[in-house]
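# Examination of the molecular architecture
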Amino acid sequence: MIFLYTTATRLDEILSIKIEDLHLNEAPAHVTVIGKGRISRTLFIHKKLISYLTKYIIIHHGEKPISSALLFYSKSKGFYTKLSEEGINKQLKKYAEIAHKTCNEVPLDLHSHQFRHSAATHALENNMSIFQISKMLGHTNVRTTQIYAKVIDAKKEKATETIKLDLSDTE
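So, a few notes on the structure that sits alongside this text. Because the structure is predicted, anything quoted here is derived from the model rather than measured.

The rules behind each value
Residues numbered from 1 in each chain as written. Predicted model: local features only at pLDDT ≥ 70, side-chain atom pairs only at ≥ 80, totals over all residues. Heavy atoms only, no water. Salt bridge = Lys/Arg side-chain N within 4 Å of Asp/Glu carboxyl O. Helix = DSSP H or I, 4+ residues; strand = E, 2+ residues; numbered from the N terminus. Buried < 20%, exposed > 50% of the residue type's maximum accessible area, 1.4 Å probe, protein only. Arc of directions from axis to C-beta. Patch = residues over 30% accessible without salt bridge, like charges linked within 9 Å, V, L, I, M, F, W, Y side chains within 5 Å. Areas by Shrake-Rupley, 256 points an atom, 1.4 Å probe, with all protein chains shown as cover. Core = buried A, V, L, I, M, F, W, Y, C linked by side-chain atoms within 4.5 Å. Contact = heavy atoms within 4.5 Å. 1 Å grid on protein atoms, 1.4 Å probe; cavity = no way out; pocket = protein on both sides within 12 Å on 5 of 7 lines; lining within 4 Å. Points joined across faces, edges and corners; volume = space filled by probe spheres on them. Nonpolar A, V, L, I, M, F, W, Y, C, P; charged D, E, K, R; others polar.

## Here's the deal with the pattern of salt bridges
Tallied over the entire structure, the rule returns 3 salt bridges. Where K82 meets D12, a salt bridge forms, and the shortest distance between an N and an O atom there is 2.8 Å. In this pair, K82 is assigned in strand 5 (residues 78–82) and D12 in helix 2 (residues 11–15), connecting sequence segments 70 residues apart. Classification of D12 as partly exposed rests on a relative accessible area of 34%. Across the pair R41 and E13 runs a salt bridge whose closest N-O atoms are separated by 2.9 Å.

Set out below in structure tokens:
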């Protein structure tokens, strides 16, 4: 989940990452992902994610991982078989049900693409340019990214509607 959110990648992009695509010991740490249209892009990795990935690799790949192995692989089929997107989304729904009991804002129908949308929307809310977000998401056309600007505009409009103005005191 941290990987999905902090990199705003598509699930298939994450499931296609090989050990050799990770550059955790370089400054800045980054990962190379292959997106739609087989287009490669480099994404920076958050410091906290570096720690989790390092531990994950040691536990699931050992001290000397095979560079061509998938980072997230099928336990039953081996290092070169991807986990299924359906399986990942099933797990997300399971964890969403647990989290929903504590925080009812967690949607019960949680799916992987929501992390990507949330990351893009939050980046826009934090004043990242639409062009930077477009590049981060791997969109070839910035118009595809404009949907996030519309989401922000809708949020602002809704917030504006909740403001109660008392115009009786004005001249």
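Here the narrative resumes.
## Thoughts on unusual backbone geometry
Omega for the bond connecting A27 with P28 falls within 30 degrees of zero, at -5 degrees, which places this linkage in the cis form. Mapping P28 onto the fold places it in the loop between strand 1 (22–23) and strand 2 (30–34). Positive phi is not limited to glycine here, since A8 has a value of about 55 degrees. With respect to the secondary-structure elements, A8 resides in the loop between helix 1 (2–7) and helix 2.

## A few points about helix 6 (residues 130–137)
Those residues of helix 6 not exposed but buried are I130, I133, S134, M136 and L137. The buried residues of helix 6 occupy an angular sector of 160 degrees when the element is viewed end-on, so they sit on one face. Exposed side chains of helix 6 directed beyond 90 degrees from the buried face belong to F131 and K135. Note on helix 6: the residue one or two positions beyond its end, G138, has a positive phi of about 80 degrees.

## Considerations on the environment of T144
Counting through the fold element by element, T144 comes out in helix 7 (residues 142–161). Of the residues examined, T144 reaches a relative accessible area of 44% and is grouped as partly exposed. Remark: the alpha-carbon pair of T144 and S134, spanning 10 residues in sequence, is separated by 7.8 Å.

## Observations concerning a nonpolar patch on the surface
A cluster of nonpolar side chains, namely M1, Y95 and I98, defines an oily patch on the protein surface of about 320 Å² accessible area. In this fold, I98 is placed in helix 4 (residues 85–102).

## A closer look at the nonpolar core
The biggest cluster of nonpolar side chains holds 34 residues, and the ones touching the most others in it are F3, L22, V31, I45, L53, L71 and F72. Among the secondary structure elements, those contributing two or more residues to this core are helix 1, helix 2, strand 2, helix 3 (47–61), helix 4, helix 5 (113–125) and helix 6. Ranked by residue count, the leading element in this core is helix 5, at 5 residues. In this structure, I45 is in contact with L22, L24, A29, H30, V31, I50 and L53, ignoring residues within four places of it in sequence.

## Notes on the layout of surface pockets
If a probe as big as a water molecule is rolled over the atoms, it shows which places are left empty. Of the pockets and cavities examined, the largest pocket occupies roughly 670 Å³. Contributing to the lining of the largest pocket are 21 residues, with M1, F3, Y56, F72 and I88 lying nearest its centre. The set of elements that each furnish at least two residues to the lining of the largest pocket consists of helix 1, helix 2, helix 3 and helix 4. With 6 residues, helix 3 is the largest single contributor of residues to the lining of the largest pocket. The class makeup of the residues in the lining of the largest pocket is 17 nonpolar, 2 polar and 2 charged. In this model, the second largest pocket occupies a volume close to 400 Å³. In terms of lining, the second largest pocket is formed by 15 residues, of which the most central are T6, L43, F44, M128 and M136. Those elements that place two or more of their residues in the lining of the second largest pocket are helix 1, strand 3 (40–44), helix 5 and helix 6. Looking at side-chain class alone, the lining of the second largest pocket contains 8 nonpolar, 5 polar and 2 charged residues.

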